[in-house]
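Fold and contact review
Take a look at the letters that make up each chain.
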Protein chains: 2
Amino acid sequence: MLYTRPVSSAVFHRENGALYLERVRLSSLLSSGLETPFFIYSTAQLVSDWQAYAQAVRGIDAVVGYAIKANSNPAILRLLAGFGAGAVVVSDHEVRLALESGFSPARMLLHGNGKRSRDIDAALQAGIILSVDSEFDLEQIAARALAHKTKAKLLLRVNPDIDPQVHPYISTGLLDSKFGFSEAAVERTRQRLQSLPSVEVRGLHCHLGSTLKTVQPVRDAARLLATLVLALRSDGHPIDILDMGGGLGIDYSRGLEQLPIPDELTLAVSPVLRELGLRLFLEPGRSLVGRAGALIGRVLGVKDNGRKHFIVTDASMAQLIRPCLYGAYHHIDLLDESVAGPSLIFDVVGPICESGDFLGQSRQLPTPRAGDGLIVYDAGAYGFAMASRYNLHLGCAEYLVDGQSIRRVRRAETFDDLSRTFSDEPISL
Amino acid sequence: MLYTRPVSSAVFHRENGALYLERVRLSSLLSSGLETPFFIYSTAQLVSDWQAYAQAVRGIDAVVGYAIKANSNPAILRLLAGFGAGAVVVSDHEVRLALESGFSPARMLLHGNGKRSRDIDAALQAGIILSVDSEFDLEQIAARALAHKTKAKLLLRVNPDIDPQVHPYISTGLLDSKFGFSEAAVERTRQRLQSLPSVEVRGLHCHLGSTLKTVQPVRDAARLLATLVLALRSDGHPIDILDMGGGLGIDYSRGLEQLPIPDELTLAVSPVLRELGLRLFLEPGRSLVGRAGALIGRVLGVKDNGRKHFIVTDASMAQLIRPCLYGAYHHIDLLDESVAGPSLIFDVVGPICESGDFLGQSRQLPTPRAGDGLIVYDAGAYGFAMASRYNLHLGCAEYLVDGQSIRRVRRAETFDDLSRTFSDEPISL
């Protein structure tokens, strides 16, 4: 059982029991009639988490490339592009969105273990680097580059077979994982590369997994990649990039965990960078935007079935599937404590017709009334990005706070957004 | 390790190694240039699965109410409405879609452990029965009915505390679950109902869970509800409906399992129906549409990392999250066996940047070439319905086969569908 503790930071604070995000009293959003649920983001938190990376790469030749799959709201993309971030993208639509949001192609990179032609073409047209994941991926990129009459700049994604000790679904650097070249495949590929004039290997990449609790695996992986850099340089490849991926965790428990910070990450790899004269590429996603976002819902009611107490909210797995999918913990609290009743142990559940629709289990919380606001913290990463329309709970709105200003940065979907893809027309083969 | 066995049925069959759905050679859809991935549905399978229910309720006063959350493609809804099915809905948008698709309000029912005002209002306006889930839900429905100057017809959802022995996320009839009234809550509610003139209890409901392997728990639950029917009738409520929910499983393993059929379900409850003169309401979802649908993808490539073989496809957890979310097994096969290479043990994975993105693990399959088609069976239920836009892999198309005819019943989403909800406007409180 995880008890709920008060959250305090420069970004979130309470006044007379009411929760503020920067200078916005969150419950006032509900009382002013905003439709729930919605995601809300803090510019101040985003700035602060960006600065931790900016500080960590001071004096280092580095690109901090935001992994936009974590959250591709255009307002967040524009902010990060403005800060000087690069962008790590994984599909043609992400390439387009990143370019339209102001990211420079020189600071972009396309990933993917299963790139479709449309993804490869979008990257080649934009002139961005591609991370190559496998031998078949290399062949397809080389063929598309030939067709485009261009030379594809590549990073070779290496699977270092190092255990990051995180949830299996977000662990990516073990040979059981679908990602990257094994050492044996790298050896086979060194030879093959000699006969592919349409590609140029510019660097090496590995990504160990998400929510890393220590940087030791990153240090080990950098050493392993250093050996490969020398080997590929001896083959004549102009290797100047070392991409150590992303993976820094955030403290979802809000106070219980000590997690590595970007400074430790760069410290872990800087010896290798200096020795080999490499440019560093980092790919933070969660640690750049996770803390900056929260999911806000309204309490629909409180229920006691004799064995358990439930808080039923209109926020659900349709907006935030992480608790259900990974058993992930997100800190949950009421927006306004002053009006709440006795403290009990609750399961916090959504309205989706499925038992897996919970946001938190066994949480000690004051008893809310119907209509009260509730916050699910640290939902800035892999929240909206993984949302569904399950039960026809359509896409929700998103808001961005900056001081006392609030901007709506995505509107909620309507029935018309759903029905516009309905079709009924014959296909002839 | 689950080996792949050939699938044969009237609906799917092979000719010279090529897989046909009814009279359509599936690989011809790919060679004609249809964008993958997509869902494809069989009218013949839908008819056959409907007929199993129609047959099971012959001579019984019954409504077979399709749980449209399983798959709300309008073409499927129109077919089922045309067969005479009712509709079980769980949100305002589902109410609207069901009505627009031709379901009669007299054969509809709104469910939900967390009904929002908009859901209740939609149901009251349409004049459909509501299943009431909890004491707070009852109060809110009664209040909304009063506001609408109408009388709400209710089913009382009872949590029978019976273990259906299925995956915890789809088990709904235990007291650990968020659904329904406990026996104690029913007792409290009997009294409260006397002072709520805007509601009328017309029946009892329970739903034990999905993918039931035996009907014994349904038989037990019907007996338990029978006692409550008598109690509520003695309070003066005109109870004439017994809603036993849905929950029949389908044989995802395609040949390994013997599962209960609708006939067994009605046989299990018919003694109670006869004794008490009740109309039966059934709520099949999966068992009506699960088998009728498949997810079709293209192979992007085959990969060997020294420890495992992978087939990488463009179909993914973005379209079908069940393998990742529940560890669910879906049978997987190649569309065309005649062109395939040596048989190996593969993980079948998608292109999403996450290790959880797999469709099947340790499957014995012939080695395909890039571009070959692949089928994931039994994806008609909880496939598209739970789809996301993760990695900006946007909503895919859906097709409906009937004999040799093919209709596109949903078009794939475009970048414009994504960007039309982008917004950037100040909110003033």
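Report on the accompanying structure.

Reading the values: the criteria
Residues numbered from 1 in each chain as written. Chains lettered and ligands numbered in written order. Predicted model: local features only at pLDDT ≥ 70, side-chain atom pairs only at ≥ 80, totals over all residues. Heavy atoms only, no water. Pairing = 2+ DSSP bridges. Helix = DSSP H or I, 4+ residues; strand = E, 2+ residues; numbered from the N terminus. Phe/Tyr/Trp six-rings, centres within 6.5 Å; stacked < 30°, edge-to-face > 60°. Buried < 20%, exposed > 50% of the residue type's maximum accessible area, 1.4 Å probe, protein only. Lys, Arg positive; Asp, Glu negative; His and termini not counted. Salt bridge = Lys/Arg side-chain N within 4 Å of Asp/Glu carboxyl O. Contact = heavy atoms within 4.5 Å. 1 Å grid on protein atoms, 1.4 Å probe; cavity = no way out; pocket = protein on both sides within 12 Å on 5 of 7 lines; lining within 4 Å. Points joined across faces, edges and corners; volume = space filled by probe spheres on them. Nonpolar A, V, L, I, M, F, W, Y, C, P; charged D, E, K, R; others polar.

Quick word on the sheet that holds strand β1 (residues 12-15) of chain B
All names here are of chain B. What the three strands build is an open sheet, ordered β1-β2-β3; its pairing is antiparallel. This sheet does not close on itself; its edge strands, each paired only once, are β1 and β3 (24-25). The pairing of β1 with strand β2 (residues 18-21) spans four bridges and is antiparallel. Across the sheet, H13 pairs through a bridge with Y20, a residue of β2.

Things to note about the packing of aromatic side chains
One pass over the structure, following the stated rule, counts 12 aromatic pairs over all chains. Aromatic pair F12 of chain B and Y377 of chain B: ring centres 4.9 Å apart, planes at 80 degrees, arrangement edge-to-face. Here Y377 of chain B lies in the loop between β18 (373-376) and β19 (397-402) and F12 of chain B lies in strand β1, a separation of 365 residues in the sequence. Taken together, the aromatic side chains of F39, Y41 and F384 of chain A make up a single cluster linked through ring pairs.

Quick word on the side chain of R322 of chain B
In this fold, R322 of chain B is placed in helix α11 (residues 322-326). Among buried charged residues, R322 of chain B stands out as having no salt bridge; its nearest opposite-charge side chain is E354 of chain A, 7.9 Å away. Contacts of R322 of chain B, omitting those with residues within four sequence positions, involve Y252, R286, G327, A328, H330, A381 and Y382 of chain B.

Some remarks on empty space enclosed by the protein
Scanning all chains against the criterion turns up six cavities of 30 Å³ or more. Lining the largest cavity are 42 residues, with A387 and R389 of chain A together with A387, S388 and R389 of chain B sitting closest to its centre. Of the residues assigned to the lining of the largest cavity, the class counts are 17 nonpolar, 13 polar and 12 charged.

Things to note about the pattern of salt bridges
Note on pairing: side chains with opposite charge can pair once their charged atoms come close. Counted under the stated rule, the structure contains 68 salt bridges over all chains. For D61 of chain A, the salt bridge is made with R279 of chain A, and the minimal N-O distance between the two is 3.0 Å. You can see D61 of chain A sitting in the loop between α2 (43-56) and β5 (62-67) and its partner R279 of chain A sitting in strand β12 (residues 279-282), a full 218 residues away along the chain. Owing to a relative accessible area of 28%, R279 of chain A belongs among the partly exposed residues under this scheme. Salt-bridge contacts for D240 of chain B lead to R202 of chain B; the nearest nitrogen and oxygen are separated by 2.8 Å.

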